[in-house]
Each structure stands twice: as C-alpha cells, then as structure tokens.
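# Structural features, examined
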Amino acid sequence: MSQAEIAPPAAPRARNPLWTFGILRSELTTTLRRWRTLALLGVLAAVPVLIGIAVRIETGDGSSPGPGGGGGGPAFLSQVTNNGLFLVFAALAVTLPVFLPMAVGVVAGDSVAGEANAGTLRYLLVAPAGRTRLLLTKYASVLVFCLVATLVVALSALVVGSLLFPVGEVTTISGTRIGFGEGLLRAGLIAVVVAASLTGFAAIGLFVSTLTSSGIAAMAATVGLLITVQIVDTIPQLSGAHPYLFPHYWMSYADLLRAPVYWDEVVKNLGLQGLYAAVFGSAAWARFTTKDITV
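Please read these numbers as outputs of a predicted model, since none were measured by experiment.

## With respect to the overall build of the protein
In terms of regular secondary structure, the protein is built from eleven helices and two strands. Burial status across the protein gives 41% buried among its 295 residues. For the protein, the accessible surface area stands at approximately 14500 Å², while carbon and sulfur atoms represent 67% of it.

Quick look at the structure:
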C-alpha cells in the first residue's frame, strides 16, 4: 500500500471572508444597475418633486396647503411652506404606506425567484458560497435597497424643499423649537427608522421568492400581500389584530419629532420588524436549503 493511499484526506480549506463581501458587492451592483430598480428609484425621487411643486403652486397666493386652505392632506404637509425641511417628513409620510414598500416588494420578490427563472440560480450555488450564505447575501442586498430607496426620497425632498421654501429652525410636534442642524439630524434618524421599518416586509418578500421559480409571480404575490395587510389594518372590526401587522407602527417615526422624543411606539415598531424578519427569514432559510434546484 503506497503512502498516498494511507494518507488522511486533506482538511477542507476555510472560506475566505472576502468571498462573502465579493458576493454581496456583486449582488448589490447587479440589483442597483437593473433598469427596473433605477426606474423604481426614479419614481421615488419624483414624488417629493411633485409634492413640492404642488404645494408651491397652491400656496402662491399665501394660503395654506390642503383642501380649502385648511392644512389638510398628508402629515406635515401644512408645515412645508414655513420650513422646507418638513418636505422630507411629508414625502416619507406619502411614500411609506405604498410606494416604498412596493419598491421593496418588487426587489425582494425577485431576489431568488428571478435567479431561478433566468436559470442562474444553479450556477450561483455551484460557487463555494453555500445556500445559507447566498440567502443571507440576498437579504442583505434587499436591506441595502431599503436604505437606498428611503434616502433617495429624503434627499430629493431635502433638495426640493430647500429650493422652493425657506429653511430654518424646526418646530417640533410638542411645540418647542430646535435648530436647523438638529432638525437635519432628526431627519436622518427618521430616514434610518423608516428603512428599518421595511425589514420585516423584506423578509416576507424573500420567503415568497423561495416558493416559486417565477419572478413576476413572486413580485405580484408580495405586493398583493402588502395591499391585503394594509386593508386589514384599516378595518375597525379587526382592531385586535392590528398591533401584530407589520405596517401598523410604520408612521410611528413622527414621534421622533417630539421634544423629548417619544420612543414607545418606535421601539414597538422595530421589535415587530425584528420578529417578522426572524420568523420569515427562518422560513425562507428552511425552504431554500431544502429546495430542489433543477434550473
């Protein structure tokens, strides 16, 4: 018996951590360069522009925005004419219930199913990444998109608000005044909280994406689920279930404009998103790691 025949098998090489970052970088590049993604970001950036122009036209005669000049409409809209920074808060209030989560639903729903439909998922699994690491990379890229999409809305609103309206000290919901610098910090914090509010829904979209090989079907199912849950959250007879629905506390970011900041519902929102992320992330992992990839 030769020495080669009795030699113990070589230990498997440890995976290079840079490999994980390489996959994530490649995934982010692919996601953010898609025409569909760029179109979604373009629509999100246009929403604050349209709001700002509409408010500017309506208040050209000195009246307040809203029906009959009474300051109606989305949250913070009546304060935009006094301080352009409020356009950030108003734009997030307009986009958060529908536009932002729909964009996230499209990206999350297509994350795995789109690869399967294109026939590239099998080739990704051939690389020494493993299904768990690949799934985590997919989810991380969706979370980055959540932040990018939210920042696109916030930055667009900040630029438009600064160009069309005066900026200065910010009057909080509590009636106190804070400096413009602190107002900018509050706006940045609100953008981060809004992005974090989408993490639970992103996990749901990722899970749905593992159930089918059709990207269009996964996107449609994810967005359809969003609309259904939003409707349920408005039915008074189902109020007992409302605190457990992932969008129920989305608008709690407004409490960050109080002095002092009111954290209770913000913490409830982040805790609920973490729970959804854990449950549906685990379900996505269980499905994806046992899924038979044939295409």
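## Quick look at the packing of helix α7 (residues 131–164) against helix α8 (residues 180–196)
Their axes nearest at 8 Å, the elements α7 and α8 cross at an angle of 145 degrees. Handedness of the crossing formed by α7 with α8: right-handed. Between α7 and α8, the contacting residues are Cys 146, Leu 147, Thr 150, Leu 151, Ala 154 and Leu 158 on the first element and Leu 184, Ala 191, Val 194 and Ala 195 on the second. Split by residue class, the contact of α7 with α8 holds nine nonpolar, one polar and no charged.

## Some remarks on empty space enclosed by the protein
Scanning all chains against the criterion turns up one cavity of 30 Å³ or more. Space inside the largest cavity adds up to approximately 60 Å³. Considering the residues around the largest cavity, the lining is formed by ten residues, among which Glu 27, Thr 31, Arg 34, Val 107 and Ser 111 are closest to the centre. Of all the secondary structure elements, the ones that give two or more residues to the lining of the largest cavity are α2 (17–33), α5 (99–118) and α7. Ranked by the residues each element gives to the lining of the largest cavity, the list is headed by α5, at four residues. Along the lines of polarity and charge, the residues of the lining of the largest cavity split into two nonpolar, three polar and five charged.

## Comments concerning the nonpolar core
Soluble globular proteins: nonpolar side chains tend toward being buried together. By size, the foremost hydrophobic cluster in this structure holds 68 residues, and its most contacted members are Phe 89 and Tyr 253. Among the elements of the structure, α3 (35–58), α4 (86–95), α5, α7, α8, α9 (199–209), α10 (215–232) and α11 (264–290) are those that each provide at least two residues to this core. Sort the elements by how many residues they give to this core and α7 lands first, with eleven residues. Among all residues touching Phe 89, those that are not within four sequence positions of it are Phe 76, Gly 183, Ala 187, Ile 190, Tyr 253 and Leu 257.

## Considerations on the packing of α7 against α9
As a packed pair, α7 and α9 sit with axes 10 Å apart at the nearest point and diverge in direction by 140 degrees. As far as their axial angle goes, α9 and α7 are oblique. Seen from above, α7 lies across α9 with right-handed handedness. Residues Leu 135, Lys 138, Tyr 139, Val 142, Leu 143 and Cys 146 of α7 lie in contact with α9, whose contacting residues are Thr 199, Ala 202, Ala 203 and Leu 206. For the contact of α7 with α9, the per-class residue count stands at eight nonpolar, one polar and one charged.

## Some remarks on the pattern of salt bridges
In the structure shown here, the tally under the stated rule is four salt bridges. Residue Arg 177 pairs with Glu 169 through a salt bridge whose shortest N-O separation is 3.0 Å. On the basis of relative accessibility, which here comes to 54%, the residue Arg 177 falls in the exposed class. For the salt bridge of Glu 182 with Arg 186, the shortest nitrogen-to-oxygen distance reads 3.2 Å. Of the two residues, Glu 182 and Arg 186 both sit in helix α8, four residues apart, roughly one turn of that helix.

## Some thoughts on α9
The buried fraction of α9 amounts to ten of the eleven residues, a majority that puts the element mostly inside the structure. Considered for burial, the residues of α9 that qualify are Thr 199, Gly 200, Phe 201, Ala 202, Ala 203, Ile 204, Gly 205, Leu 206, Val 208 and Ser 209.

## Some points on unusual backbone geometry
Here Ala 259 and Pro 260 are connected by a cis peptide whose omega angle stands at 0 degrees. Among the structural elements, Pro 260 can be located in the loop between α10 and α11.

## Here's the deal with the environment of Trp 263
Among the secondary structure elements, Trp 263 is positioned in the loop between α10 and α11. In this structure, Trp 263 is in contact with Leu 189 and Leu 256, ignoring residues within four places of it in sequence.

## Structural notes on a nonpolar patch on the surface
Taken together, the side chains of Val 43, Val 98, Phe 99 and Met 102 present a nonpolar region at the surface, about 310 Å² in accessible area. If you trace the backbone, Phe 99 turns up in helix α5.

## Quick look at the environment of Thr 137
With respect to the element layout, Thr 137 can be found in helix α7. Through-space distance from the C-alpha of Thr 137 to that of Glu 27 is 7.6 Å; in sequence the pair is 110 residues apart. In this view, Thr 137 contacts Ile 23, Leu 24 and Glu 27; residues no more than four positions away in its chain are not counted.

Reading the values: rules and limits
- Residues numbered from 1 in each chain as written.
- Predicted model: local features only at pLDDT ≥ 70, side-chain atom pairs only at ≥ 80, totals over all residues.
- Heavy atoms only, no water.
- Helix = DSSP H or I, 4+ residues; strand = E, 2+ residues; numbered from the N terminus.
- Buried < 20%, exposed > 50% of the residue type's maximum accessible area, 1.4 Å probe, protein only.
- Areas by Shrake-Rupley, 256 points an atom, 1.4 Å probe, with all protein chains shown as cover.
- Axes fitted to C-alpha atoms, helices over the stretch in contact; angles between N-to-C directions.
- Left-handed = near helix turned anticlockwise from the far one by under 90°.
- Contact = heavy atoms within 4.5 Å.
- Nonpolar A, V, L, I, M, F, W, Y, C, P; charged D, E, K, R; others polar.
- 1 Å grid on protein atoms, 1.4 Å probe; cavity = no way out; pocket = protein on both sides within 12 Å on 5 of 7 lines; lining within 4 Å.
- Points joined across faces, edges and corners; volume = space filled by probe spheres on them.
- Core = buried A, V, L, I, M, F, W, Y, C linked by side-chain atoms within 4.5 Å.
- Parallel < 35°, antiparallel > 145°, perpendicular 65-115°, else oblique.
- Salt bridge = Lys/Arg side-chain N within 4 Å of Asp/Glu carboxyl O.
- Patch = residues over 30% accessible without salt bridge, like charges linked within 9 Å, V, L, I, M, F, W, Y side chains within 5 Å.

So, to be careful, I would describe these as geometric facts and stop short of saying anything about function.
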